[in-house]
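Descriptive structure summary
Residue-level listing of the chains:
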Amino acid sequence: MDTNKRPETMARIQTQEQANEFIDQQVAEVRAQVGDRKVLLALSGGVDSSVVAALLIKAIGKQLVCVHVNHGLMRKGESEQVVEVFQNQLDANLIYIDATDRFLDLLKDVAEPEKKRKIIGGEFIKVFDEEARKLEGIDFLAQGTIYPDIIESDGVKAHHNVGGLPEDMQFELVEPVKLLYKDEVRVVGKALGLPASMVDRQPFPGPGLGVRCLGAITRDRLNALREADAILREEFDYAGLNKTVWQYFIAVPDMKSVGVKDGKRYEGWPAIIRAVNTTDAMSATIEEIPYSLLHKITDRITAEVDGINRVLYDLTPKPIGTIEWE
Ligand code: XMP
């Protein structure tokens, strides 16, 4: 039997009851596969790795070692949420690594998008590999592979994400959600008790805010981007748009324009809002955000975020514009 093929008889998981049945079955399978050995998981805090973590904690508890690498390019509050949910609430064996300085030092003065992506992807593997080597007796690597990753092997993740572990770091794989579609992974995550803010998250690229802080990343501009993005997300939450819009974020280009603040000249960066709808990320349309909300977001960002003096709304569909700017 091809274990990478979803059986035609497999019902779509939509209810908590179906999710519980799936969870029980996977818990038994993982226990049979792993026995009393140890499993390693790179926990980004994204939907797929979070659901796999919660499932494996249920199945094998402390035999799962989660490693969360904070590359300094996370959105506001994200790494904190990973620690809160997995270490504090689920009592997971979690290794938290703040590698912000390593990443930002390497990225200093690097403006070319592909180079930035390669540095971030390569360094991520390096940090994870270093941590893995410090651990003893790990036989398995868990991954949040989902069914679209398998059927579209040239799909979004495979296309964008760089690399894999070095040749001499080969583990047996544990991939408990590999036959599930994204919506099913979310239902399973909810049944496992993960917070909605984690399982209903919009897609977030592996290189994180690194592809939204355009050009050579500086700490002050990255910080402005993170704060402006947090305001956008908060306002979308208040307006209920978080439930309907597929992906929304801020990009901040490496350019300044002249403005006035408190009666004085104030040079700052523009914050560019991107809010798109799509089903497969191959093409995308633009969300029609009410003007009143755009004004509110503009007022808040320009008042609350140091260094931003304009807010722009990107009206470009995909194609011609990609969803991300880099
Ligand atoms: P583009 O910019 O190509 O993005 O229109 C399509 C979708 O892919 C996401 N994206 C990534 N996802 N790793 C990922 O897992 C990445 O490096 C990456 N880059 C872009 C993007 O956010 C959008 O949803």
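Residues numbered from 1 in each chain as written. Predicted model: local features only at pLDDT ≥ 70, side-chain atom pairs only at ≥ 80, totals over all residues. Heavy atoms only, no water.

A separate point is the overall build of the protein. When helices and strands are tallied, the protein shows 11 helices and 11 strands. Compactness check: the protein gives a C-alpha radius of gyration of 21 Å against a globular reference of 20 Å for 326 residues, within 12% of the reference. With respect to the principal axes defined by its C-alpha atoms, the protein has extents near 70 × 40 × 35 Å. Among the 326 residues that make up the protein, the fraction classed as buried is 50%. Taking the contacts inside the protein whose residues are at least 6 apart along the sequence as the reference set, 78% of them involve residues at least 24 apart. Counting only carbon and sulfur atoms, one obtains 51% of the accessible surface of the protein, whose full area is about 16,300 Å². (Helix = DSSP H or I, 4+ residues; strand = E, 2+ residues; numbered from the N terminus. Rg over C-alpha atoms; globule rule 2.2 N^0.38 Å. Buried < 20%, exposed > 50% of the residue type's maximum accessible area, 1.4 Å probe, protein only. Contact = heavy atoms within 4.5 Å. Areas by Shrake-Rupley, 256 points an atom, 1.4 Å probe, with all protein chains shown as cover.)

Our next topic: the nonpolar core. Leu-40, Phe-236, Ile-250 and Ile-301 are the most contacted members of the largest nonpolar core, which has 46 residues in total. Of all the elements, helix α10 (residues 219–239) adds the most residues to this core, at 7 residues. Among residues more than four places away in sequence, those in contact with Ile-250 are Arg-212, Leu-225, Ala-228, Asp-229, Leu-232, Ala-271, Ile-272, Ile-273 and Ile-301. Core analysis: the second largest hydrophobic core is formed by 40 residues, Ala-53, Ala-54, Val-185 and Leu-194 among them. (Core = buried A, V, L, I, M, F, W, Y, C linked by side-chain atoms within 4.5 Å.)

Turning our eyes to something else, we now look at the packing of aromatic side chains. Inspection of the entire model under this criterion finds 2 aromatic pairs. With 5.6 Å between their ring centres and 90 degrees between their planes, Tyr-147 and Tyr-181 make a pair best called edge-to-face. With a gap of 34 residues between them, Tyr-147 in helix α6 (residues 147–151) and Tyr-181 in the loop between β5 (172–174) and α8 (182–191) connect regions that are remote in the sequence. For the cation-ring pair, Arg-75 lies above Phe-204, with the distance from its terminal atom to the ring centre recorded as 4.1 Å. (Phe/Tyr/Trp six-rings, centres within 6.5 Å; stacked < 30°, edge-to-face > 60°. Lys NZ or Arg CZ within 6 Å of the ring centre and 35° of its normal.)

Looking at chain direction, strand β2 (residues 64–70) and strand β3 (residues 93–98) are connected through 6 bridges and run parallel. Bridged to Asn-70 within β3 is Asp-98. With respect to chirality, the unit in which β2 leads through helix α3 (residues 78–89) into the neighbouring parallel β3 is right-handed. (Pairing = 2+ DSSP bridges. Right-handed = clockwise from strand over helix to strand, strands pointing away.)

Next up on the list: the layout of surface pockets. Taken as a whole, the second largest pocket spans an internal volume of roughly 680 Å³. What lines the second largest pocket is a set of 24 residues, and nearest its centre among them are Gln-25, Gln-26, Glu-29, Pro-176 and Leu-179. Where the lining of the second largest pocket is concerned, the elements lending two or more residues are α1 (16–34) and β5. The greatest single-element share of the lining of the second largest pocket, amounting to 8 residues, is contributed by α1. Partitioned by chemical class, the residues of the lining of the second largest pocket number 13 nonpolar, 5 polar and 6 charged. (1 Å grid on protein atoms, 1.4 Å probe; cavity = no way out; pocket = protein on both sides within 12 Å on 5 of 7 lines; lining within 4 Å. Points joined across faces, edges and corners; volume = space filled by probe spheres on them. Nonpolar A, V, L, I, M, F, W, Y, C, P; charged D, E, K, R; others polar.)

In this section: the pattern of salt bridges. This model, assessed by the stated rule, comprises 25 salt bridges. Where Asp-183 meets Arg-12, a salt bridge forms, and the shortest distance between an N and an O atom there is 3.0 Å. Here Asp-183, found in helix α8, pairs with Arg-12, found in the segment before α1; they are 171 residues apart in sequence, far enough to count as distant. Looking at Asp-183, the relative accessible area reads 34%, which means it is partly exposed. (Salt bridge = Lys/Arg side-chain N within 4 Å of Asp/Glu carboxyl O.)

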